[in-house]
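Letter by letter, the chains look like this.
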Amino acid sequence: MLKSKVAVQVTSPGILPDDVIMLGDAYLKPWKIPQGQPVTLKFGAMRQPVKVVAVEKFDGMRISQSLARRMGILAGCQLRLQYRSASAVLALGPLIGVLISRDDPSMPEKPFGSITMFCKELVDASAVYGAHVYFFTPEGIGSSPQHVEGWVYAGGWRKIVVPAADVISNRLTSRKLENKPSVQHFFREVKSRHGTAVFNEKFLDKPEVFEALGRDRALVKYLPESHVLRNYTMLKSMCSKYPNVFLKPVRGSLGKGIIRITRLDQENFVAHHATVGGTRKQHYSNLLKLFSSISGKMKSVRYQIQQGLHLIDIGGRPVDFRALVQKNEQGKWSMTSIVARTAGSHHFVSNLARGGTLSTVKEAVAKSNLSNAQGHDASGRLQRAALEIAQGIDTHIPAHFGELGIDLAIDTNGRVWLLEVNSKPSKNDNTPLQPDQKIRPSVRNLIRYARHLAQF
């Protein structure tokens, strides 16, 4: 079988012109790559007319130093090679760009802060799969969609000019950055000019998700009743219908700003506010007073009001589940991982930032107050729900997603519920590798999906 990965050697200055590349004859014959006739060398957005010179008993490719610099590749990298005869294009790649929120050149060992380890893992995975990856910020986007300033790794991190990529994974963690005109213009230009695939191209708002999935009869069973909180009448209606309701900031994350409202009797209500230090509790003698206390916040924060669920718990600490679903090498949703998150003491949200702890689904369900009969196949039901919800997002929301963090819960009757969907799942360094693992499955899957998108 023909090897599709080729080792790229960079020649010393003056040996090869930019428009000539040398290629082992083991590649030329099976793919019928013409010698001495112009073909187009493609690497991401870069196109260079070249003539190919065959080299006997040579298992690689040689290019000039200045061409390597324009490609943004360093000596010794291994890339996938493909000849597309219909268009006479010799393609190297895939070239993957990861758009991140910030970098710090003054910290050469950790230029991307807490996600540096994830970035290095992507570099290692790319080497294994014959891809090439770089990392760039909105500041690295220039006036031309042809190139960006990005970080590559070769014995250390360095910043160079690189072509726009075949595939861009949008890892921006700020809506403000994502909505910058320069970023949105760049996305439009690389898609239309270079056919670049951009995935996870936007944040998801909670009401957008629930409204979209609510149109799918097969998914309604997973959805607690939810509305954007607009006025007192809506609060009163939901609080009379359910003993507990949750107010969640429409654009919140990490459990910030969540309020749980509990009805004690016809008149009395308690509001629990999620804070970093624990839960702050306030008592109200009627619902109107409670609404008055939050109406000031509603001027700057939009809330989603959601039916409270009687979730399973471990010793009074609520449990929920985070599923990571990703598209695979066939472009289909697949389950990468699912973990249980148990809230910290004095907290009613389970985020790790709030003292929550991780465990396997099996361990959490076994320790919880769910009966054995209702806990049977909990893991399978959660996984099915996550994959169905991901498919629903694809079907009903007009944007391209390649990975989603899906937060699910199980109530004390064993029913699975959707809490929220996150289009920017965390990549911080709090998920240690197993001793026998060099590359996490989530990182491998990202590369495989990029290869699928770039048709390598």
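The model shown is predicted, which means the values in this text are computed figures rather than measured ones.

### Details of the overall build of the protein
Looking only at helices and strands, the protein features 12 helices and 25 strands. For the protein, the C-alpha atoms occupy an extent of roughly 85 × 45 × 40 Å along the three principal directions. If you take every contact in the protein between residues at least 6 apart in sequence, the share linking residues at least 24 apart comes to 66%. Summed over its atoms, the accessible surface of the protein is roughly 20,800 Å², and 52% of this surface lies on carbon and sulfur atoms. Distance from the positive charge centre (62 side chains) to the negative charge centre (36 side chains) of the protein: 2 Å.

### Observations regarding the pairing of strand β6 (residues 78-84)
When strand β1 (residues 5-10) meets β6, the two strands line up antiparallel, connected through three bridges. In the strand pairing of β6, alanine 7 is matched with glutamine 78. When β6 meets strand β7 (residues 89-93), the two strands line up antiparallel, connected through five bridges. Paired with arginine 84 across the strands is valine 89, a residue of β7.

### So, the packing of aromatic side chains
By the definition in use, this model includes nine aromatic pairs. Ring geometry for phenylalanine 112 against tryptophan 157: centres 5.0 Å apart, planes inclined by 80 degrees, an arrangement best described as edge-to-face. One end of the pair, phenylalanine 112, is in the loop between β8 (95-99) and α3 (116-129); the other, tryptophan 157, is in strand β11 (residues 157-163), and 45 residues separate them in sequence. A relative accessible area of 6% means that phenylalanine 112 is categorised as buried. On the basis of relative accessible area, tryptophan 157 is assigned to the buried category, the value being 12%. Aromatic pair phenylalanine 135 and tryptophan 157: ring centres 5.7 Å apart, planes at 80 degrees, arrangement edge-to-face. Here tryptophan 157 lies in strand β11 and phenylalanine 135 lies in strand β9 (residues 132-136), a separation of 22 residues in the sequence. Pairwise contacts between aromatic rings join Phe112, Phe135, Trp151, Tyr153 and Trp157 into one cluster. The positively charged end of arginine 62 is found above the aromatic ring belonging to phenylalanine 58, 4.1 Å away from the centroid.

### Describing helix α7 (residues 232-241)
Considered for burial, the residues of α7 that qualify are Leu235, Met238 and Cys239. Taken down its axis, α7 places every buried residue within 95 degrees of arc, on the same side. For α7, exposure combined with an orientation more than 90 degrees from the buried face picks out Thr233, Ser240 and Lys241. Close packing links the buried residues of α7 with β14 (226-228), β15 (244-249), β16 (259-263), β17 (269-275), α8 (287-295) and β19 (303-307). The N-cap of α7, judged by a side-chain oxygen 3.4 Å from the amide nitrogen of threonine 233 a few residues on, is asparagine 231.

### Let's talk about the confidence of the model for the protein
Model confidence for the protein is summarised by a mean pLDDT of 90, while 94% of its residues fall at 70 or above. Predicted confidence for residues 350-354 stays below pLDDT 50, and this span has 20 contacts to residues more than four positions away or in other chains.

### A look at the packing of helix α6 (residues 206-214) against helix α11 (residues 378-396)
Between α6 and α11, whose axes approach to 9 Å, the crossing angle comes to 90 degrees. By the criterion of interaxial angle, the relationship of α6 to α11 is roughly perpendicular. In this structure, α6 contributes Val209, Ala212 and Leu213 to the contact, and α11 contributes Ile389, Gly392, Ile393 and His396.

### Quick word on the sheet that holds β7
Read around the closed barrel, the seven strands follow the order β1-β5-β2-β4-β3-β7-β6; overall the barrel is mixed. The sheet shows a mean angle of 40 degrees between the axes of neighbouring strands, direction not considered. Here strand β3 (residues 38-43) pairs with β7 via four bridges, running parallel. Looking across to β7, one finds that lysine 42 is bridged to alanine 91.

### What about the sheet that holds β19?
Strands pair in a sheet through their backbones, by hydrogen bonds, and they do so in one of two ways: parallel or antiparallel. Strand order in the open sheet formed by six strands is β14-β19-β15-β16-β17-β18, with antiparallel pairing between adjacent strands. If you trace the sheet from one side to the other, it starts and ends with β14 and β18 (278-284), each paired once. Pairs of neighbouring strands in the sheet enclose a mean axial angle of 20 degrees, with direction left out of account. Alignment of β15 against β19, held across five bridges, turns out to be antiparallel. Across the sheet, the residue bridging to valine 245 is glutamine 307, located in β19.

### Points about the pattern of salt bridges
Scanning all chains against the criterion turns up 21 salt bridges. Between arginine 193 and glutamate 189 there is a salt bridge, and its shortest N-O distance comes to 2.8 Å. Of the two residues, arginine 193 and glutamate 189 both sit in helix α5 (residues 181-194), four residues apart, roughly one turn of that helix. Residue arginine 384 is joined to aspartate 377 by a salt bridge in which the shortest nitrogen-to-oxygen separation is 3.3 Å. The network of salt bridges with shared partners includes Asp320, Arg322, Arg341 and Asp407.

### Quick look at α6
If you check which residues of α6 are buried, you get Lys206, Pro207, Val209, Phe210, Ala212 and Leu213. Buried positions along α6 lie against β14, β15, β19, α11 and β25 (416-422).

### Looking at the packing of α7 against α8
Packing of α7 against α8 leaves a shortest axis separation of 11 Å and a crossing angle of 130 degrees. Taken together, the axis directions place α7 and α8 in an arrangement best described as oblique. The interaxial crossing formed by α7 with α8 has right-handed handedness. Listed contacts from α8 to Tyr232, Leu235, Lys236 and Cys239 of α7 are Leu287, Leu288, Leu290 and Phe291. Across the contact of α7 with α8, the residue classes tally to seven nonpolar, no polar and one charged.

### Let's talk about the environment of threonine 11
Checked against the element boundaries, threonine 11 lands in the loop between β1 and β2 (20-24). For threonine 11 and leucine 264, which are 253 residues apart along the polypeptide, the C-alpha to C-alpha distance reads 77 Å.

Reading the values: rules and limits
Here the residue numbering is sequential within each chain, running from 1 through the sequence in written order. The model is predicted, so local features are restricted to residues of pLDDT at least 70 and side-chain atom pairs to those at 80 or more, both for listing and for counting; the totals for chains, interfaces and linings are taken over all residues. Computation of side-chain values covers all heavy atoms of the structure but excludes hydrogens and water. What counts as a helix is a DSSP run of H or I of at least four residues, what counts as a strand is a run of E of at least two, and both are numbered from the N terminus. We call two residues in contact when some of their heavy atoms are within 4.5 Å. Methods summary: accessible areas were calculated by the Shrake-Rupley approach with a probe of 1.4 Å, and residue burial reflects only the protein chains presented. For the purpose of charge, His is not counted, nor are the chain termini; Lys and Arg are scored as positive and Asp and Glu as negative. Where a charge lies is defined by one atom per residue type, namely NZ (Lys), CZ (Arg), CG (Asp) and CD (Glu). Think of it this way: DSSP has to see at least two bridges between two strands before they count as a pair. Pairing of aromatic rings covers Phe, Tyr and Trp, the last counted by its six-membered ring, and requires centre-to-centre distances within 6.5 Å; plane angles under 30 degrees mean stacked, over 60 mean edge-to-face, and any other angle means tilted. Burial here depends on accessible area, computed with a 1.4 Å probe over protein chains only, as a share of the maximum for the residue type. Under 20% is buried, over 50% is exposed, and the range in between is partly exposed. Our definition puts a charge over a ring when NZ of Lys or CZ of Arg is within 6 Å of the ring centre and also within 35 degrees of the ring normal. This arc is taken over the directions from the axis of the helix to the C-beta atoms. Counted as a polar contact is a pair of N or O atoms within 3.5 Å, where, for protein atoms, one must be capable of donating a hydrogen and the other of accepting one, and residues adjacent in sequence contribute only when both atoms are in side chains. Across the chain, each position has a pLDDT score giving the predictor's confidence in that residue, from 0 to 100. The angle between two axes is taken between their N-to-C directions and runs from 0 to 180 degrees, where each axis is a line fitted to C-alpha atoms and a helix contributes only its stretch in contact. By definition in this entry, angles of less than 35 degrees are roughly parallel, angles greater than 145 are roughly antiparallel, angles of 65 to 115 are roughly perpendicular, and the rest are oblique. The term salt bridge refers to a side-chain nitrogen of Lys or Arg lying within 4 Å of a carboxyl oxygen of Asp or Glu. Crossing handedness follows the turn of the near helix against the far one: under a right angle anticlockwise gives a left-handed crossing, and clockwise gives a right-handed one. Gly falls in the polar group here, along with every residue not listed as nonpolar (Ala, Val, Leu, Ile, Met, Phe, Trp, Tyr, Cys, Pro) or charged (Asp, Glu, Lys, Arg).

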